[in-house]
Each structure stands twice: as structure tokens, then as C-alpha cells.
Amino acid sequence: MARRSGLLTQRGSAFLASGVVLLVAGLALGQRDLTRIGILVLALLLVCRTLARTGAPVLEVARVATPARMGVDETARISLSLHNVGQRRTALAVGEEILDPSLGDRPRFTIPPIGLGQFSEVEYSVRPHVRGAHPLGPLRVWTRDPFGITSAASIVEGTGSILVTPRIHPLTTGRALGRGVGTEGSIPHQVALHGEDDQSIRGYREGDDLRRIHWPATARMGELMVRQEDRPARRRAVILLDARESGHSGHGATSSFEWFVTMAASVMAHTADLGYAVHLLTPDLTNDAGVRNDESVDAMLETLARIRTGPDDGFRAVLHAAHGFTGSGGLLVALTTGLDDGATRALSSLRQHGSTAIGMVHAPRRGEESSARLAGSSLRHASGPS
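Heads up: these notes are all about the structure in this document. Values in this document were obtained by computation on a predicted structure and should not be read as measured data.

Comments concerning the pairing of strand β5 (residues 93-99)
The buried fraction of β5 amounts to 6 of the 7 residues, a majority that puts the element mostly inside the structure. By the bridge criterion, 4 bridges tie β5 to strand β6 (residues 108-111) in an arrangement that is antiparallel. Paired with glutamate 96 across the strands is arginine 108, a residue of β6. Pairing of β5 with strand β8 (residues 132-144), which is carried by 5 bridges, proceeds in the antiparallel orientation. What sits directly across from leucine 99, in β8, is leucine 136.

Looking at the nonpolar core
If you look at the biggest cluster of nonpolar residues, it comprises 24 residues, and the most contacted ones within it are Ile78, Leu80, Leu82, Tyr124, Leu139 and Ile162. The element best represented in this core is strand β4 (residues 76-84), accounting for 4 residues. Excluding residues that lie within four positions of it along the chain, tyrosine 124 makes contacts with Ala76, Arg77, Ile78, Leu80, Glu97, Leu99, Pro107, Phe109 and Leu136. Core analysis: the next-biggest nonpolar cluster, separate from the first, contains 23 residues, Phe257, Val267, Leu331 and Leu335 among them.

With respect to the sheet that holds strand β2 (residues 59-66)
Ordered in space as β2-β4-β7, the 3 strands form an open sheet in which the pairing is antiparallel. Taken across any chain shown, the strands that pair with only one partner, and hence form the sheet edges, are β2 and β7 (119-126). For this sheet, the mean angle separating the axes of adjacent strands, direction not counted, is 20 degrees. Note: β4 against β7, 8 bridges, orientation antiparallel. Across the sheet, leucine 80 pairs through a bridge with valine 122, a residue of β7.

Observations regarding the environment of isoleucine 239
Tracing the sequence through the fold places isoleucine 239 in strand β13 (residues 236-241). Counting along the chain gives 119 residues from isoleucine 239 to isoleucine 358, while the straight-line C-alpha distance between them is 9.6 Å. Beyond its immediate chain neighbours, meaning those up to four positions away, isoleucine 239 contacts Ala264, Val267, Met268, Val278, His279, Leu280, Leu281, Val333 and Leu335.

Quick look at the pattern of salt bridges
For the coordinates displayed, the defined rule picks out 12 salt bridges. Measuring nitrogen to oxygen at the nearest pair gives 2.7 Å for the salt bridge that ties arginine 63 to glutamate 97. With a gap of 34 residues between them, arginine 63 in strand β2 and glutamate 97 in strand β5 connect regions that are remote in the sequence. One salt bridge connects aspartate 73 with arginine 167, and the closest N-O pair in it is separated by 3.2 Å. Of this pair, aspartate 73 sits in the loop between β3 (69-71) and β4 while arginine 167 is found in the loop between β10 (160-165) and β11 (201-203), placing the two residues 94 residues apart along the sequence. Arginine 167 gets classed as partly exposed once you look at its relative accessible area, which sits at 36%.

Points about helix α4 (residues 256-273)
Taking 1.5 Å per residue, 18 residues should reach 26 Å; α4 reaches 26 Å between its end C-alpha atoms and fits that length. When you tally the buried positions in α4, you get 15 out of 18 residues, the bulk of the element.

Here we look at the side chain of threonine 326
With respect to the secondary-structure elements, threonine 326 resides in helix α6 (residues 313-326). Leaving out residues up to four positions away in the same chain, threonine 326 has contacts with Val238, Leu332, Leu350 and Gln352.

Remarks on the packing of α4 against helix α5 (residues 297-306)
One can describe the packing of α4 onto α5 by two numbers: an axis separation of 10 Å at closest approach and a directional angle of 175 degrees. With respect to α5, the element α4 is oriented roughly antiparallel. Together, Val261, Ala264, Ala265, Met268 and Ala272 of α4 and Val297, Met300, Leu301 and Leu304 of α5 make up the contact between the two elements. Tallied by class, residues from the contact of α4 with α5 come to 9 nonpolar, no polar and no charged.

Some words on α6
In this model α6 runs 21 Å from its N-terminal to its C-terminal C-alpha over 14 residues, within 8% of the 20 Å that 1.5 Å per residue would give. Turning to α6, its buried residues are Gly314, Phe315, Val318, Leu319, Ala322, Phe325 and Thr326. Buried residues along α6 sit against β13, β14 (277-283), β15 (291-294), β16 (331-336) and α7 (341-348).

Here is what the cut-offs are and how they apply
As a convention, each chain's residues are numbered from 1 in the sequence order in which they are written. The predicted nature of this model means local features are confined to residues of pLDDT at least 70 and side-chain atom pairs, given and counted, to a pLDDT of 80 or more, with totals for whole chains, interfaces and linings taken over all residues. For side-chain calculations, the full set of non-hydrogen atoms in the structure is used, while hydrogens and water are omitted. Buried residues are those whose accessible area, probed at 1.4 Å on protein chains only, stays under 20% of the maximum for their type, while exposed residues exceed 50% and partly exposed ones sit between those limits. Only DSSP runs of H or I with at least four residues qualify as helices, and only runs of E with at least two residues qualify as strands; both kinds are numbered from the N terminus onward. Note: two strands are recorded as paired if DSSP finds a minimum of 2 bridges between them. Nine residue types can take part in a nonpolar core, namely buried Ala, Val, Leu, Ile, Met, Phe, Trp, Tyr and Cys, and a core is a set of them joined through side-chain atoms within 4.5 Å. Here a residue-residue contact requires only that any non-hydrogen atoms of the pair lie within 4.5 Å. Between the N-to-C directions of two axes lies an angle of 0 to 180 degrees, each axis being a line fitted to C-alpha atoms and, for a helix, fitted only over the stretch in contact. Whenever a carboxyl oxygen of Asp or Glu lies within 4 Å of a side-chain nitrogen of Lys or Arg, that contact is scored as a salt bridge. Residue count minus one, scaled by 1.5 Å, sets the expected span of a helix. By definition in this entry, angles of less than 35 degrees are roughly parallel, angles greater than 145 are roughly antiparallel, angles of 65 to 115 are roughly perpendicular, and the rest are oblique. Any residue that is not Ala, Val, Leu, Ile, Met, Phe, Trp, Tyr, Cys, Pro, Asp, Glu, Lys or Arg is counted as polar, Gly included; the first ten are nonpolar and the last four charged.

Given below as C-alpha cells:
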């Protein structure tokens, strides 16, 4: 379905002015021939306007982006499949894809005549400069009457989208991150090699499969206990992202929040390459727990591409949920803005004995909203990040 609007071309404006002048001159001078010519010119304008509006193509558009997910400043090809679902063959037209400014200039292209029920393919490229889920379309189609006096613009409904993931910067390791990862250790080891009696038993965590509950141990301990999976242990890295709108400064791609998202993606990619089991914890108001936990690289990149700033309650929920992931040690990376005393103590308590924790804190200078000063430090039990 399309929305249509029409307007005069430069030639049409000249015809309109000529018709009005001839009509007025003929009436003023009593020259019937001039009056008839003026009326004829104005009538021609009405006929052409009607032809342009009724001749607008009736199209259905399908979009395919290659690739469907891409990084910032990468190029993607967008293929438009145009299907003529009208009652007649379409005329030659000009198409303009309506895009978000962050995807670059709006592409314009020629749409060839399309037979009844037939298809035509058109391609253009985009190079986004900002992460996010960006819409593609709708399509604006311009047609003209046979005399070129009027043109009609119709909007072909229907859009697509392309997902742009944040930029990932390569990070170097100053020292072996495997050191000091708490009870998980730095060397993978096998558990439960000799049957159920030798299986590793631990306390129940939210989200554990109820079929793994070890009932004899539960009866002895008085709380739910579960069997550890028979698999090699992996070093764990937990990344916390503070998305409180009140704590960030700046706007657009240069804001402190965009810096946080980029750093979270870089840390995630770095630790995943080192073999860590990575958990990204972010606020999620659509979840009952208020927290989103992503464990695969693809899921984490999609979350970081879509995430936006939100209310202050979100990060408190993240700190609460993080205890279930840091209880057995591992690497903790927290990207936070200014915290009150309660949140600072909650964050500091996440670091387990013998494990490593790194804090990156946004501390804007007074009266300065366009830049962020970020500092990294180890989190300790007695004090919060600096």
C-alpha cells in the first residue's frame, strides 16, 4: 500500500504561470482566443496531474541485507526486490530509499518498467557510522506524466533493518589473566571421573536444571544442592555494564555510554579469544529479574548493538544478579559511573579472594558534558573503584 502526493515540475510551473497570464489577459482585453488558450493550458495541467497520480506504481518491496549484521564503518549491500502487484505495467520511475542519517546519504536509483506480476532487483550500499538496529526504508517512488509537467511521489510501505555492532578494539594482555581466577583455577580439570560418588556438588543457583538436583546432599545440607556437569572447568569472566542515564554525559557517538559499549565489546572479544566463559550482565526492563545475561559472542554483540541508557534501578539489579556468577571466583570487569556508598560496597563484595577485578569508572569533570575521564583500577574488599 502506498501514500501519494503530487507536485509541479519546473516545466509545470512555467505552464501554470503561462496559463494564468493568458487567462487573465484574455479576460482583461476581451480576447476570447487568449482566454481559450489559457483555459486549455490549465486544463492540461489538471489532466497531467491526474495521469501522474493514477500512474504511480503499485509495488511490494522485500529487502535483503548482506551481511545482515555488521560492524561500525563496514559496508553492506542492500538488495531490493520490487514486485509489481498493480493492474498495469509500471512506467520508468525514480526510487529513493528513506534511511537514518547515520547510514549515509539516501540512495537514489532508476526503477525500470516492470510488467504485471513481475519482479525487478535494485541494489545500493550503506556504511553506518553508529551502532544500533537501523531501519531500512520505506521507499519513495517518483513518477511523471508523459509531458513532464507534474510528478507524483508515492511511499511504498514496508521496511527492513540492519544490525550494526559496536566497534571492537584489540586489547593487549599486560599479564596472564589466568592468574588469580579464584576457585575455578587457571588449568582446566575433569570432575566426576569415577561415578556419582565423586561428582562435584555445589549449591543451587537460579536457572540451574532441576534434574541436576542431588537429593542426598540436599537432605544433608538442608538446602538445594546440584551436581556439577562432567566437563572441564573453564575460567569465567563476568562483565558488568552500567547503563544508568543519569550517570553518563555527552551525546551521540562521543558520549561516555558509547565509550562504555565499545569497551565492553572489546573486553568481551578479548576474554573470549583467551578461552574464558564470558557472561555479560546488562539491565533489561523486559525481564522479570531486570537483568539480561548473555553467554555467547553473537548474543553479546547483539545486546551491545541494541542497548540504550535507562533508569538507575537497572544497575542495582545487575549488581544483585552478579553474585551468582562471581561466587566461585573468576575475572570481573565492571564499567560503571559514579556510585553511592551502598552500590560501591555491593560492587566491591563481588571480588572473591584470589580473583582479579578491574573497574573502569566514568568521572566527568564539573560542567563538562562532552568528554569523559575514565580510570581503571583493581576492586578491593575495603574500598570501591576509583
